[in-house]
Amino acid sequence: MQVGKPILYSYFRSSCSWRVRIALALKGIDYETMPISLIKDGGQQFSKEFQAVNPMKQVPALKIDGITIGQSLAIIEYLEETRPTPRLLPQDPKKRASVRTISDLIAGGIQPLQNLSVLKQVGQENQLTWAQNAITSGFSALEQILQSTAGRYCVGDEVSMADLCLVPQVANAERFKVDLTPYPTISRINKTLLALEAFQVSHPCRQPDTPAELRA
Amino acid sequence: MQVGKPILYSYFRSSCSWRVRIALALKGIDYETMPISLIKDGGQQLAIIEYLEETRPTPRLLPQDPKKRASVRTISDLIAGGIQPLQNLSVLKQVGQENQLTWAQNAITSGFSALEQILQSTAGRYCVGDEVSMADLCLVPQVANAERFKVDLTPYPTISRINKTLLALEAFQVSHPCRQPDTPAELRA
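Keep in mind that what you see is a predicted model, and the values were worked out from it rather than measured.

Trainee: Help me understand the sheet that holds strand E1 (residues 7–10) of chain A, please; the structure alone is not making it clear to me.
Mentor: Strands belonging to one sheet form pairs held by backbone hydrogen bonds; the direction of such a pair is parallel or antiparallel. Residue and element names in this part refer to chain A. Pairing within the open sheet is mixed, and its four strands lie in the order E2-E1-E3-E4. Each edge of the open sheet is held by one strand with a lone partner, namely strand E2 (32–35) and strand E4 (67–70). Taken over all neighbouring pairs, the strand axes of this sheet differ in orientation by 20° on average, direction set aside. Most of the contacts of helix H1 (residues 15–26) go to E1, to which it runs at about 150°, and overall it touches E1 and strand E3 (61–64). Contacts between helix H3 (residues 72–82) and the sheet are confined to E3 and E4, with E4 contributing the most and set at about 130° to the helix.

Put into structure tokens, the structure is as follows:
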């Protein structure tokens, strides 16, 4: 089906890129990383070369099977449909809906409001409060949803796409100094997931483009 | 499988509610509307649409081919995750009244520039090929938002063409904000 390994355009600290790195690790898919720095050269995502790869000028993007896919959840759903084991979505449609609801809440409701380009627009003095607000309102809703969906993980006892979204978002929360005490379920699940190998090998501190001072 | 009709919590002007109303109309699913006047956030209706697709599979809202499905989801996520959350009501409240229009316009124009480029390789009669998909359900409400925020659509001819074609379809008309139970009298069709 493919010639050569898949290529992932990724930034070590991008939570969206981390979601896809976890998926690739869980599914045992070997890939190459093309690091795209969101900081250097005014942001390498704005280069003409990268715009041809992903018109949204965002990471991640995955070149696989002769196509290039942008948007982390679209990438993960494609991987799920073409490399179905191990599963990242449960079999039951109602549980799948829970997985997607949680994933959409994080990927559509929290992260876009605290990503780099939005924070640039709100101005430096407002950035921390803005990011914290985005995260706390999202996490309050998520903590409530998890009361009815969570088992060992976000939805029941199998790792799913929702968990791939949760861990990177908690890392963002920590970076923005959000107090996680009001979210015990989120914290518990995050801790359980971080012990798994796929979440460790894909961690921002272990990437090809991780700066020396942040390396594990 | 179900007891009683599905209940949709909907706000007539919410682009997120409109996406789901289109899906329900296309699939011929009869439902009740519970109007809500405040939208908490818009991030999760794609999960609803994917659930409808898996449990009421015809007519399709996602193509069969995984690569085309990826295109549909990329476009849907671009709109639902990349544009709409940045110009929804609660965010606009935070940026302050004097900044709102510019802020919303920026969110839409940067998203639409990317989308117009993506559509060059995916679009046929609709966003992805010639079948209506979840991507189209996201497009039309977002164009309506663009018009409300006075965004000039001249730079986006493919978006405009597809939007016009879709608006002629019945499912996009019956679900239109101007025809909902909670549409104010002065905005009614």
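Trainee: Honestly, the nonpolar core in this entry has me stumped. Any pointers?
Mentor: Nonpolar side chains in soluble globular proteins tend to be buried together. With 113 residues, the main nonpolar core has A:Phe139, A:Leu142, A:Leu166, B:Ile75, B:Phe112, B:Leu115 and B:Leu139 as its most contacted residues. Residue contributions to this core peak at nine residues, all from helix H5 (residues 100–122) of chain B. Composition of this core by domain shows at least three residues from each of domain 1 (8–86) and domain 2 (93–199) of chain A. Excluding its chain neighbours within four sequence positions, the residues that come into contact with B:Ile75 are B:Leu115, B:Ile118, B:Leu119, B:Thr122, B:Cys127, B:Val128 and B:Ala135. The next biggest cluster of nonpolar side chains, apart from the first, holds nine residues, and it includes A:Tyr11, A:Phe12, A:Ile36 and A:Phe50.

Trainee: Can you help me understand the pattern of salt bridges in this one?
Mentor: Oppositely charged side chains can form a pair if their charged atoms are brought close together. With the rule as written, the count across this model stands at 13 salt bridges over all chains. We note a salt bridge from A:Arg96 to B:Glu54, for which the minimum N-O separation is 2.8 Å. Here B:Glu54 lies in helix H2 (residues 45–55) and A:Arg96 lies in helix H4 (residues 93–110), a pairing that spans two chains. The partner of B:Glu54 in a salt bridge is A:Arg100, and the shortest N-O contact between them spans 3.0 Å. Of this pair, B:Glu54 sits in helix H2 while A:Arg100 sits in helix H4, on two different chains. Residues joined by salt bridges that share partners form a network here, namely A:Glu77, A:Glu81, A:Arg96, A:Arg100, B:Glu50, B:Glu54, B:Arg69 and B:Arg73.

Trainee: Looking at this model, I keep getting lost on H4(A). Mind explaining?
Mentor: Think of an α-helix as turning once every 3.6 residues; residues three or four places apart then point the same way. Here H4(A) contains 18 residues, and its C-alpha end-to-end distance of 24 Å stays within 8% of the 26 Å for a straight helix at 1.5 Å per residue. Among all positions in H4(A), only A:Arg96, A:Ala97, A:Val99, A:Arg100, A:Ile102, A:Ser103, A:Asp104, A:Leu105, A:Ile106, A:Ala107, A:Gly108 and A:Ile110 are buried. Turning to H4(A), the residues buried within the fold contact H1, H3, helix H6 (127–149) and helix H7 (161–175) of chain A together with H2 and helix H3 (66–83) of chain B.

Trainee: Got a minute to help me understand the packing of aromatic side chains in this structure?
Mentor: Both the distance between ring centres and the angle between the ring planes are used here to describe each pair of aromatic rings. Residues and elements named next belong to chain A. Applying the stated criterion to the full structure yields six aromatic pairs over all chains. Pairing phenylalanine 139 with tyrosine 183 gives two aromatic rings, centres 5.5 Å apart and planes at 80°, and the pair type is edge-to-face. Of this pair, phenylalanine 139 sits in helix H6 while tyrosine 183 sits in the loop between H7 and helix H8 (184–194), and the two are 44 residues apart along the sequence. With a relative accessible area of 0%, phenylalanine 139 lands in the buried category.

Trainee: What should I look at first to understand unusual backbone geometry in this one?
Mentor: A negative phi angle is the norm for most residues apart from glycine, just as the trans form is the norm for most peptide bonds. Residue and element names in this part refer to chain A. Geometrically, the link from valine 59 to proline 60 is a cis peptide bond, its omega value of 5° lying close to zero. Note that proline 60 resides in the loop between helix H2 (48–53) and E3. Cis geometry marks the peptide bond from threonine 85 to proline 86; its omega dihedral reads -5°. By secondary structure assignment, the location of proline 86 is in the loop between H3 and H4. At lysine 177, a position not held by glycine, the phi torsion is positive, near 60°. Mapped onto the elements, lysine 177 comes out in the loop between H7 and H8.

Trainee: Mind showing me how you'd approach empty space enclosed by the protein here?
Mentor: With a probe scaled to a water molecule rolled over the atoms, the places where space remains empty come into view. The full count for this structure, using the stated rule, is one cavity of 30 Å³ or more. Size it by volume and the largest cavity reaches roughly 90 Å³. A:Leu73, A:Glu77, A:Asp104, B:Glu50 and B:Asp77 are, among the 13 residues lining the largest cavity, the residues nearest its centre. Secondary-structure elements contributing two or more residues to the lining of the largest cavity are H3 and H4 of chain A together with H2 and H3 of chain B.

Trainee: Looking at this structure, how should I read the interface of chain A and chain B?
Mentor: In many reports, interface size means the accessible area that the parts give up when they come together. Taken together, the contact pairs 30 residues of chain A with 28 residues of chain B. Buried area between chain A and chain B, summed over both chains or domains, comes out near 2,700 Å², and the portion from carbon and sulfur atoms is 64%. For the chain A face of the interface with chain B, the top three residues by lost area are A:Met56, A:Glu81 and A:Trp130, together amounting to 19%. Taken together, chain A and chain B are joined by eight residue pairs in polar contact (both at pLDDT 80 or more). Those elements that place two or more of their residues in the side of chain A that touches chain B are E4, H3, H4, helix H5 (116–122) and H6 of chain A. Here the residues of the side of chain A that touches chain B are counted per class, giving 15 nonpolar, eight polar and seven charged.

What counts, and where the lines are drawn
Residues numbered from 1 in each chain as written. Chains lettered and ligands numbered in written order. Predicted model: local features only at pLDDT ≥ 70, side-chain atom pairs only at ≥ 80, totals over all residues. Heavy atoms only, no water. Pairing = 2+ DSSP bridges. Helix = DSSP H or I, 4+ residues; strand = E, 2+ residues; numbered from the N terminus. Axes fitted to C-alpha atoms, helices over the stretch in contact; angles between N-to-C directions. Contact = heavy atoms within 4.5 Å. Core = buried A, V, L, I, M, F, W, Y, C linked by side-chain atoms within 4.5 Å. Buried < 20%, exposed > 50% of the residue type's maximum accessible area, 1.4 Å probe, protein only. Domains from an automatic or database assignment. Salt bridge = Lys/Arg side-chain N within 4 Å of Asp/Glu carboxyl O. Expected span 1.5 Å × (residues − 1). Phe/Tyr/Trp six-rings, centres within 6.5 Å; stacked < 30°, edge-to-face > 60°. 1 Å grid on protein atoms, 1.4 Å probe; cavity = no way out; pocket = protein on both sides within 12 Å on 5 of 7 lines; lining within 4 Å. Points joined across faces, edges and corners; volume = space filled by probe spheres on them. Buried area = accessible area lost by both parts, 1.4 Å probe. Polar contact = N/O pair within 3.5 Å; in protein donor to acceptor, adjacent residues only side chain to side chain. Nonpolar A, V, L, I, M, F, W, Y, C, P; charged D, E, K, R; others polar.

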